[in-house]
Amino acid sequence: MSNKMWGGRFSAEPDGVMAEINASIDVDRKLYRQDIAASKAHAEMLAKQGIISAQDAKKIVHGLDTILSEIDAGKFVFKRALEDIHMNVEARLADLIGPAAGRLHTARSRNDQVATDFKLWVRDAIDDLDRMIADYQRALAEKALAHAATVMPGFTHLQTAQPVTFGHHLLAYVEMAARDRGRFADARRRLNESPLGAAALAGTSFRIDRKHTARTLGFDRPAANSLDAVSDRDFVLEALSAAAIAAVHLSRFAEEIVIWTSPLVGFLRLSDKFTTGSSIMPQKRNPDAAELVRAKTGRIVGALDALLIVMKGLPLAYQKDMQEDKEGAMQALAALALCLAAMTGMVRDMTPDAGRMKAAAAQGYSTATDLADWLVRTLNMPFRDAHHVTGRIVAAALRKCRRSSGASARTCSRCCRSSARSRAARRSAALRRKMSQPRPGAGSSVSGRPSGKRRPRLRHKSNRLKSFTDLH
């Protein structure tokens with residue numbers, strides 16, 4: 001016996017393998033709430049247009065409400081033989097209300113039905129993710145405010161660069177999250193067109209009211225082209241693209257948490273809430289939550305890649321390939337939600353070691369750029385000359401430290417606590433004293449040339465640099 005829902009022209013049942021590969025109910029059962037909402041809107045519209053009777057529409061809506069309650073309560077029996085969520089719901093509706101259930105599919109195809117259901121599902125997922133990202137932003141901002149004055153080293157190439165604050169560092173991730181929310185909002189705005197009424201691909205001959213169903217389901221408008229309406233999966237791709245970028249941002253921060261909680265760095269501490277231990281090493285405290293956030297990014301990016309590959313060669317309109325759009329997307333968006341919850345929890349849980357951060361910020365000559373800027377402002381040096389002079393000062397400090405302690409360059413940078421800027425200030429003071437003290441003979445300048453009462457100055461760049469560097 002062929003399938004009752006579509007098998008009128010078939011005389012035999014599909015092979016078992018065909019039934020297995022064709023079934024999607026294990027995945028698309030998650031669309032049950034959206035499927036029932038769209039079916040209710042469709043039934044009400046059909047009655048409004050006089051296509052079905054008001055009595056049949058009332059039975060259909062009541063039956064759908066009953067099915068929703070059954071699924072929510074875990075009492076609904078999903079059947080793989082019925083392939084998908086649409087046929088499972090319709091079959092159960094027929095059990096509940098009889099022949100009137102067969103009128104629900106008037107002026108509708110599973111093609112526009114699944115596109116509508118999945119748009120509604122993705123839209124709901126985006127709304128949930130937006131709330132979670134906003135909560136993550138609040139956690140970051142609160143922690144940043146508490147540590148607005150906590151000095152730490154800023155890094156480029158993972159090398160000490162310049163001093164920043166922990167609060168400033170955290171606010172960088174607030175900005176990334178704001179862009180993530182913007183991308184999801186853009187995706188939501190573009191997806192918010194209703195495919196319902198496009199039917200299989202060419203619309204329907206019934207006088208339906210697509211604007212009514214669109215408004216009922218919260219869409220901005222009906223989709224303009226029926227071919228595009230049933231074959232469009234851009235809304236999934238855009239949501240996955242935004243999710244992939246958001247996951248990359250979370251992964252970057254997760255990597256920093258892993259590094260900073262290492263005893264070798266010791267910038268942060270996570271409590272027992274977000275760490276685990278080792279089955280063999282009793283002393284271990286592992287930042288597993290951060291490591292798993294970092295790893296799950298691969299799943300999210302992979303889902304985007306997989307769907308792009310599915311869609312790349314599909315002619316218009318609907319193709320069964322599109323059945324593969326849901327599993328990866330659902331898993332990816334669920335993984336992102338879990339990662340956001342974990343990162344938000346870790347931000348609120350983390351305790352920075354302010355002393356260790358400040359000590360690290362004083363290492364590696366992190367104020368060298370400030371010294372170069374000071375030379376530009378105070379001695380009117382071109383920046384490239386100031387950069388060169390500052391580099392020579394750093395090199396000289398390293399040599400002096402090695403000679404005095406026999407230490408390596410890294411150890412030397414740790415033990416030289418006085419900043420390069422204070423060294424330069426002392427040397428500049430010496431230079432000024434030298435410039436202000438006249439040599440024997442009235443009116444002589446530093447260079448030995450008479451200058452009357454005018455303040456002496458170094459006329460040539462090479463002389464100015466020589467006079468400054470001769471002090472070292």
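Please read these numbers as outputs of a predicted model, since none were measured by experiment.

(A) Molecular detail of the nonpolar core. Core analysis: the biggest nonpolar cluster contains 90 residues, and F118, Y136, F253, I257, L336 and M343 have the highest contact counts within it. For F118, the residues in contact, after removing those within four places along its chain, are L31, F235, V236, D325, K326, A329 and M330. Residues A372, L375, A386 and V389 belong to the second largest nonpolar core, which totals eight residues.

(B) Geometry of the environment of A214. Turning to its location among the elements, A214 is positioned in helix α8 (residues 210-216). A residue is classified by how much of its surface remains accessible, and A214, at 1% relative accessible area, is buried. Considering only alpha carbons, one finds A214 and A41, 173 residues apart in sequence, at a separation of 8.7 Å. Leave out the neighbours within four places in its chain, and A214 touches S194, F219, R221 and P222.

(C) Structural detail: the packing of aromatic side chains. Enumeration over the complete set of coordinates arrives at six aromatic pairs. With a centroid separation of 5.9 Å and an interplanar angle of 75 degrees, the aromatic rings of F118 and F235 are classed as edge-to-face. With F118 in helix α6 (residues 110-146) and F235 in helix α10 (residues 234-260), the pair connects residues that are 117 residues apart, well separated along the chain. Relative accessible area serves as the criterion here: at 3%, F235 is assigned to the buried category.

(D) Just the pairing of strand β1 (residues 151-156), in detail. Bridging between β1 and strand β2 (residues 159-165) involves six bridges; their strand directions are antiparallel. Bridge assignment links M152 to a residue of β2, and that residue is V164.

(E) Region of interest: the confidence of the model for the chain. Put simply, the chain has an average pLDDT of 90, and 84% of its residues get 70 or more. Throughout residues 442-453 the model reports pLDDT below 50, and contacts reaching past four residues in sequence, or to other chains, amount to 15 contacts. Predicted confidence is poor over residues 458-472, with pLDDT under 50, and the contacts of this stretch with residues over four places away or in other chains come to 24 contacts.

(F) Inspection of the pattern of salt bridges at higher detail. In total, this model carries 23 salt bridges according to the counting rule given. One salt bridge in this structure joins E70 and R92, with 2.7 Å as the shortest N-O distance. Taken as a pair, E70 in helix α4 (residues 54-72) and R92 in helix α5 (residues 85-97) lie far apart in primary sequence, 22 residues in all. On the basis of relative accessibility, which here comes to 16%, the residue E70 falls in the buried class. Three or more residues are tied together by salt bridges with common partners; here these are E20, D26, R29 and R80.

(G) Main features of the packing of helix α3 (residues 32-48) against α6. Following both chains from N to C, one finds α3 and α6 inclined at 120 degrees, their axes separated by 9 Å at the closest point. Of the possible angle classes, the one that applies to α3 and α6 is oblique. α3 and α6 meet at a crossing whose hand is right-handed. Residue-level inspection shows Q34, D35, A38 and S39 of α3 in contact with α6, the latter providing Q113, T116, D117, L120, W121 and D124.

(H) α4, seen in detail. Under the 1.5 Å per step criterion, the end-to-end length of α4 is 27 Å for 19 residues, consistent within 8% with the ideal 27 Å. What α4 keeps buried is the set D56, A57, I60, V61, G63, L64, I67, L68, E70 and I71. Elements that come into contact with the buried residues of α4 comprise α3 and α5. Downstream of α4 by one or two residues, G74 has phi in the positive range, about 75 degrees.

About the cut-offs
- Residues numbered from 1 in each chain as written.
- Predicted model: local features only at pLDDT ≥ 70, side-chain atom pairs only at ≥ 80, totals over all residues.
- Heavy atoms only, no water.
- Core = buried A, V, L, I, M, F, W, Y, C linked by side-chain atoms within 4.5 Å.
- Buried < 20%, exposed > 50% of the residue type's maximum accessible area, 1.4 Å probe, protein only.
- Contact = heavy atoms within 4.5 Å.
- Helix = DSSP H or I, 4+ residues; strand = E, 2+ residues; numbered from the N terminus.
- Phe/Tyr/Trp six-rings, centres within 6.5 Å; stacked < 30°, edge-to-face > 60°.
- Pairing = 2+ DSSP bridges.
- pLDDT = per-residue confidence, 0-100.
- Salt bridge = Lys/Arg side-chain N within 4 Å of Asp/Glu carboxyl O.
- Axes fitted to C-alpha atoms, helices over the stretch in contact; angles between N-to-C directions.
- Parallel < 35°, antiparallel > 145°, perpendicular 65-115°, else oblique.
- Left-handed = near helix turned anticlockwise from the far one by under 90°.
- Expected span 1.5 Å × (residues − 1).

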